[in-house]
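Secondary and tertiary structure notes
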2 protein chains.
Amino acid sequence: MMDSMLQALALPADLTLRGGQVALRRAEMGDLHALMRLLSDDPISAARGDVDADADQDAYASGLSRIIADASNELIVAVDAHRRVIAMLQLTAIPGVARRGSTRLLVEAVRVAGDHRSAGLGSAMMRWVTEVAAPACGATLVQLTSDRQRHDAHRFYLRLGFVDSHVGFKYHVAGSVMT
Amino acid sequence: MMDSMLQALALPADLTLRGGQVALRRAEMGDLHALMRLLSDDPISAARGDVDADADQDAYASGLSRIIADASNELIVAVDAHRRVIAMLQLTAIPGVARRGSTRLLVEAVRVAGDHRSAGLGSAMMRWVTEVAAPACGATLVQLTSDRQRHDAHRFYLRLGFVDSHVGFKYHVAGSVMT
């Protein structure tokens with residue numbers, strides 16, 4: 001079953017970077033404030049309403065608890081030697097019929113703390129996704145979308161072997177509070 | 001729970017088109033060959049290996065059975081008055097922390113049979129997704145990617161109110177048989 005494959009991912013996993021060791025592990029409810037800070041530490045996310053506001057804590061807690069409870073989703077955090085959360089990404093395993101019944105691994109919400117960027121952490125995390133997590137899930141395709149404004153991120157994904165073959169469309173549901 | 005919300009979608013659902021009534025329902029294993037034909041009835045999918053080959057039947061059956069078993073996924077088919085499958089799309093409900101804990105609804109594998117295109121069926125199905133399925137799931141965002149080559153599809157999604165704000169990246173996992 002696909003459901004159990006993400007749950008069977010070998011975590012925590014150690015990543016060796018130039019600056020030292022980082023561990024990947026599953027997010028827990030105790031990471032809530034660290035995740036809210038990571039999301040707000042990015043101008044494009046902040047413009048969409050991720051501003052680390054106390055008033056939004058319940059909404060983030062609800063999202064995090066639903067990810068943790070969902071067998072098809074994992075929120076992965078990277079922690080430094082002091083156990084500080086310094087990066088995150090979300091994985092969703094998606095069974096499919098297209099492309100001869102391929103399973104896809106969708107990556108969302110890739111964020112690295114401002115003071116840990118350009119140190120190879122993002123690359124190491126994404127290589128773990130493509131080289132470890134995807135094969136472990138039986139996924140033949142890893143996919144993600146990146147805001148058109150994130151030119152540095154686009155070069156980053158192309159360097160990692162991703163192909164910018166698609167256009168990503170978003171529809172904001174009427175009546176929702178999304179900015 | 002997000003898990004149960006897709007399962008609680010009111011289906012079958014009737015769509016009224018200029019040419020008559022069409023019903024949306026959940027796909028069943030008995031739809032396998034109709035789905036394989038729909039996927040192959042498209043030059044871009046065919047170029048990716050979706051060619052309705054008997055040898056691929058087990059791979060498609062495996063994908064379809066995993067979708068049916070997965071509470072976060074629904075494969076929806078449109079059937080005409082003769083109960084013939086004439087279109088399909090896949091929905092994945094994805095809980096999240098980004099965008100203040102938003103739930104997303106991902107749309108994959110949108111296909112309409114060649115002899116039923118340009119009759120409003122694709123629009124009616126996508127309006128059902130944005131106006132019925134997304135609110136029913138508590139999703140504030142509907143997202144999809146479309147191959148850069150599908151210029152007509154891009155105009156179609158823009159007309160429906162989607163915004164082409166993102167670049168869609170795909171990574172083909174090493175060692176997989178994907179073409």
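Above this note sits the structure.
Residues numbered from 1 in each chain as written. Chains lettered and ligands numbered in written order. Predicted model: local features only at pLDDT ≥ 70, side-chain atom pairs only at ≥ 80, totals over all residues. Heavy atoms only, no water.

Points about the environment of Q7 of chain A
Residue and element names in this part refer to chain A.
- Residue placement: Q7 occurs in helix 1 (residues 2–7).
- Taking the C-alpha atoms as reference points, Q7 and A71, 64 residues apart in sequence, are found 6.6 Å from one another.
- In contact with Q7, other than residues within four places in its own chain, are R26, A71 and E74. (Helix = DSSP H or I, 4+ residues; strand = E, 2+ residues; numbered from the N terminus. Contact = heavy atoms within 4.5 Å.)

With respect to the interface of chain A and chain B
- With 70 residues of chain A at the interface, the matching set in chain B holds 70 residues.
- Both sides of the chain A and chain B interface together cover about 6600 Å² of buried area, and 59% of this is carbon and sulfur.
- There are four salt bridges connecting chain A and chain B.
- Here D164 of chain A and R148 of chain B are joined by a salt bridge, their closest N and O atoms 3.7 Å apart.
- Viewed at the interface, chain B and chain A are joined by 37 residue pairs in polar contact (both at pLDDT 80 or more).
- At ten residues, strand 7 (residues 163–172) of chain A tops the list of elements feeding residues into the side of chain A that touches chain B.
- A class-by-class count of the residues in the side of chain A that touches chain B yields 33 nonpolar, 23 polar and 14 charged.
- As judged from the seven bridges shared by strand 7 of chain A and strand 6 (residues 139–147) of chain B, these two strands associate in the antiparallel manner. Across the sheet, H172 of chain A pairs through a bridge with L141 of chain B, a residue of strand 6 of chain B. (Buried area = accessible area lost by both parts, 1.4 Å probe. Salt bridge = Lys/Arg side-chain N within 4 Å of Asp/Glu carboxyl O. Polar contact = N/O pair within 3.5 Å; in protein donor to acceptor, adjacent residues only side chain to side chain. Nonpolar A, V, L, I, M, F, W, Y, C, P; charged D, E, K, R; others polar. Pairing = 2+ DSSP bridges.)

A few points about empty space enclosed by the protein
- Under the defined criterion, the tally for this structure stands at one cavity of 30 Å³ or more.
- Counted as a void, the largest cavity has a volume near 70 Å³.
- Along the walls of the largest cavity sit 13 residues, with L106 and T145 of chain A together with L106, Q143 and T145 of chain B positioned nearest its centre.
- Contributing elements (two or more residues each) for the lining of the largest cavity: strand 6 (139–147) and strand 7 of chain A together with strand 6 and strand 7 (163–172) of chain B.
- Considering only residue class, the lining of the largest cavity consists of six nonpolar, five polar and two charged. (1 Å grid on protein atoms, 1.4 Å probe; cavity = no way out; pocket = protein on both sides within 12 Å on 5 of 7 lines; lining within 4 Å. Points joined across faces, edges and corners; volume = space filled by probe spheres on them.)

Without other data, these values stay purely geometric and don't point to any function.
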